[in-house]
Amino acid sequence: MRLIETRNLNLRLGGNLVLEGVNLSIERGEIVTIVGPNGSGKSSLLRAIVGALAPTSGSIIRAPGLRIGYVPQKLHIDPTLPLTVTRFLGLPRRHPAKDLRAALEQAGLPDLRDHQMADLSGGQFQRVLLARALMEKPDLLILDEATQGLDQPGSAAFYRRIEEVRQSLDCAVLMVSHELHVVMSASDRVICLNGHICCEGRPEIVAQAEEYRAIFGTGTQGALALYRHEHNHDHDHDHSADCNHEHPHEAAE
Amino acid sequence: MILLDDFMVRAALAGLGVALAAAPLGCFVVWRRMAYFGDATAHAAILGVALALAFSTSIFIGALAVSLAMAMTVSGLSGRGFAMDTLLGVLAHSALAFGLVAVSFLSGVRIDLMAYLFGDILAVSAGDLAVIWGGAVLVLGLLAWRWQALLTATLNPDLAYAGGINPRREQLVLTLALALVVAVAIKVVGVLLIAAMLIVPAAAARPLSATPERMAAFAMLIGAIAALGGLGASFRLDTPTGPTIVCLAALVFAVTSIGGSLASRRSGRAAR
């Protein structure tokens, strides 16, 4: 089932053509990751799909009644706005108290119900952002560099949680990430974006593509090296992700 | 309606109406950093007063129309990359200046300018009361109806879009509510101090509140106390009523702010 589709999407921001001729579609149940250098229009594409930016031309077709869960790159909360974790989860729509408790339980943060959002650590904040996006049981979960500022165990745990969510909600996941090694193992499909879609496909295929190498080979050598390393040790990687997963839980308890 | 024959009762009800409507709206003004926005809208109202007198229409309609025009202008300009701080400063003060000059052209009409600058709550008529409470109920209804959407849009426009809310429409709701509050508050506190009735109770409520709803409720309570207490104090001390109301709200702000910072210091020490 097709959840969302962009057709020949062009987006101009302040005179610059940020996105050009982007055609993509997301099916239910798949995890799609957008990679690309800084300024390649990744966040703009997500914001256009969310509805925050209107396309200059082309169209975005959403399945009727599509529910979107959005986790922004960062969220600034004005210090004059008092907001408890529970209250934050009730935006934009309120939910029964038991649903809120269950959501915090699942996020591994049962004790933070009455904490102010401003008092949370980076990792806790990220998990609350995700929990909020999941309150509506979205068909499409959109994550914009959601693991920014998390350490490696933290982000590994975060991606494990995304995988669980995909299983339990049968939703699609569309995310932007810089962590290529995680992306390559956690995605069904990778879209390499640089204003336009350079190439897309299964991670191992994209990784071989010339266009991808042209961008990540010269732009971020470190990331490509990291990816190659992971690629060569695929089994080791899965294993280490398992180990990593346990640490933040222990730390939280 | 014999009760309304007493000017003090009418004044108290007028103050209460304005305070209750201004407080929750003021919370949004504070959260969205729109303090100058409130100033510009309120100061524009004096131009509306001058126009209303020139065309012999109701002061309320004149003030509402010009405030709304100003609020829409500012709202339209925001988010277009202008230096908003400067622009709002220019608009707020020039609106006031143009209004004052316009009033001076009204030869033949002898008006008490002070009454519009600082309010004249003791001269509120039963008809004024109906307008004030009509406006207040409208503003409160509007805010209650759009509360969740307004809050989401205030928190982050992108989150609002993702949830199917158009933040621009919510901004329009606030703009409309602001113009209404300004128009009904002129008689009570005057154009110079309307922004204070919006911001001071909300700011005073902040240290007492853990959620947005509690902040709005405390702001209403503080606004009401300031309105009634200010009226009483001005009667006893023979001081201008509008400014006395604002002074009282400011005193509450001082108390809660100092109390709040002491409490957070203590809890900080306890945590250590």
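Residues numbered from 1 in each chain as written. Chains lettered and ligands numbered in written order. Predicted model: local features only at pLDDT ≥ 70, side-chain atom pairs only at ≥ 80, totals over all residues.

### Description of the overall build of chain A
Looking only at helices and strands, chain A features 10 helices and nine strands. Out of the 253 residues belonging to chain A, those deemed buried represent 41%. Contacts in chain A between residues far apart in sequence, at least 24 positions, make up 70% of those at least 6 positions apart. (Helix = DSSP H or I, 4+ residues; strand = E, 2+ residues; numbered from the N terminus. Buried ≥ 20, exposed ≤ 12 C-beta atoms within 10 Å, placed from the backbone. Contact = placed C-beta atoms within 7 Å.)

### Topic: the overall build of chain B
Counting its secondary structure elements, chain B contains 11 helices and zero strands. On C-alpha atoms alone, chain B measures out to a radius of gyration of 19 Å, which is about the 19 Å that the 2.2 N^0.38 rule sets for 272 residues. Along the first, second and third principal axes, the C-alpha set of chain B runs to 70 × 45 × 35 Å. Within chain B, buried positions represent 52% of all 272 residues. (Rg over C-alpha atoms; globule rule 2.2 N^0.38 Å.)

### What about the sheet that holds strand β1 (residues 2–13) of chain A?
Residue and element names in this part refer to chain A. Judged by pairing direction, the sheet is antiparallel, and its three strands sit side by side in the order β2-β1-β4 without closing on themselves. The strands lining the two open edges of the sheet, one partner per strand, are β2 (16–27) and β4 (57–62). The mean angle between the axes of side-by-side strands here comes to 15°, regardless of whether they run parallel or antiparallel. With five bridges joining them, β1 and β4 adopt antiparallel strand pairing. Paired with Ile-4 across the two strands is Arg-62, which belongs to β4. Along the sheet, helix α1 (residues 42–50) contacts β1, β2 and β4; its crossing angle with β1, the most-contacted strand, is approximately 120°. (Pairing = 2+ DSSP bridges. Axes fitted to C-alpha atoms, helices over the stretch in contact; angles between N-to-C directions.)

### Here's the deal with the packing of helix α1 (residues 7–31) of chain B against helix α8 (residues 167–189) of chain B
Residues and elements named next belong to chain B. Interhelical geometry of α1 versus α8 gives an angle of 145° and a closest axis separation of 10 Å. Here α1 and α8 pass one another in a crossing that is left-handed. Of α8, the residues touching α1 (which contributes Ala-14, Gly-15, Val-18, Ala-21, Ala-22, Leu-25 and Phe-28) are Leu-174, Ala-177, Leu-178, Val-181, Val-184, Ala-185, Lys-187, Val-188 and Val-189. The class makeup of the residues in the contact of α1 with α8 is 14 nonpolar, one polar and one charged. (Left-handed = near helix turned anticlockwise from the far one by under 90°. Nonpolar A, V, L, I, M, F, W, Y, C, P; charged D, E, K, R; others polar.)

### Some thoughts on the interface of chain A and chain B
Chain A puts 21 residues into the contact, and the matching count from chain B is 22 residues. Listed by contribution, the elements that provide at least two residues to the side of chain A that touches chain B are α1 and β5 (68–71) of chain A.

### Examining the environment of A:Met184
Looking at the secondary structure, you find A:Met184 in helix α6 (residues 180–186). Separated by 69 residues in the primary sequence, A:Met184 and A:His115 place their C-alpha atoms 36 Å from one another.

### Re unusual backbone geometry
The peptide bond linking A:Leu91 to A:Pro92 adopts the cis configuration, its omega dihedral lying at 5°. Despite not being glycine, B:Arg33 shows a phi value in the positive range, around 55°. Phi is positive for B:Asp238, which is not a glycine, with a value near 55°. Relative to the helices and strands, B:Asp238 resides in the loop between α10 (212–237) and α11 (241–271).

### Remarks on the pairing of strand β3 (residues 31–35) of chain A
Residues and elements named next belong to chain A. Where burial is concerned, most of β3 is hidden: four out of the five residues are buried. Sheet topology note: the β3/strand β7 (residues 172–176) ladder contains four bridges and is parallel. Note that in β7 the partner of Val-32 across the bridge is Leu-174. The sheet contact formed by β3 and strand β8 (residues 189–194) spans four bridges and is parallel. For Val-35, the partnering residue across the bridge sits in β8 and is Cys-192.

### Notes on α1(A)
All names here are of chain A. Where burial is concerned, most of α1 is hidden: eight out of the nine residues are buried. Listed in full, the buried residues belonging to α1 are Lys-42, Ser-44, Leu-45, Leu-46, Arg-47, Ala-48, Ile-49 and Val-50. At the exit of α1 stands Gly-51, carrying a positive phi of roughly 110°.

### Concerning the pairing of strand β6 (residues 140–144) of chain A
Residues and elements named next belong to chain A. In terms of residue burial, β6 counts as a mostly covered element, since five of its five residues are buried. Pairing between β5 and β6: four bridges, direction parallel. By the bridge assignment for β6, Val-71 is matched with Leu-143. For β6 and β7, the ladder comprises five bridges, and the chain directions are parallel. Of the residues in β7, the one forming a bridge with Leu-141 is Val-173. Between the parallel pair β6 and β7, the chain is carried across by helix α5 (residues 152–169), and the sense of this crossover is right-handed. (Right-handed = clockwise from strand over helix to strand, strands pointing away.)

### Examining the nonpolar core
Nonpolar side chains in soluble globular proteins tend to end up buried together. Membership of the largest hydrophobic core comes to 174 residues, with the highest contact counts inside it found for B:Val18 and B:Met197. Apart from the residues lying within four places of it in its own chain, the contact partners of B:Met197 are B:Val18, B:Ala19, B:Ala22, B:Ala185, B:Val189, B:Gly223 and B:Val246. (Core = buried A, V, L, I, M, F, W, Y, C linked by C-beta atoms within 7 Å.)

### Here we look at the confidence of the model for chain B
Of all residues in chain B, 93% attain a pLDDT of 70 or more, and the chain-wide mean is 89. This complex was scored by the predictor with a pTM of 0.86 and an ipTM of 0.87. (pLDDT = per-residue confidence, 0-100.)

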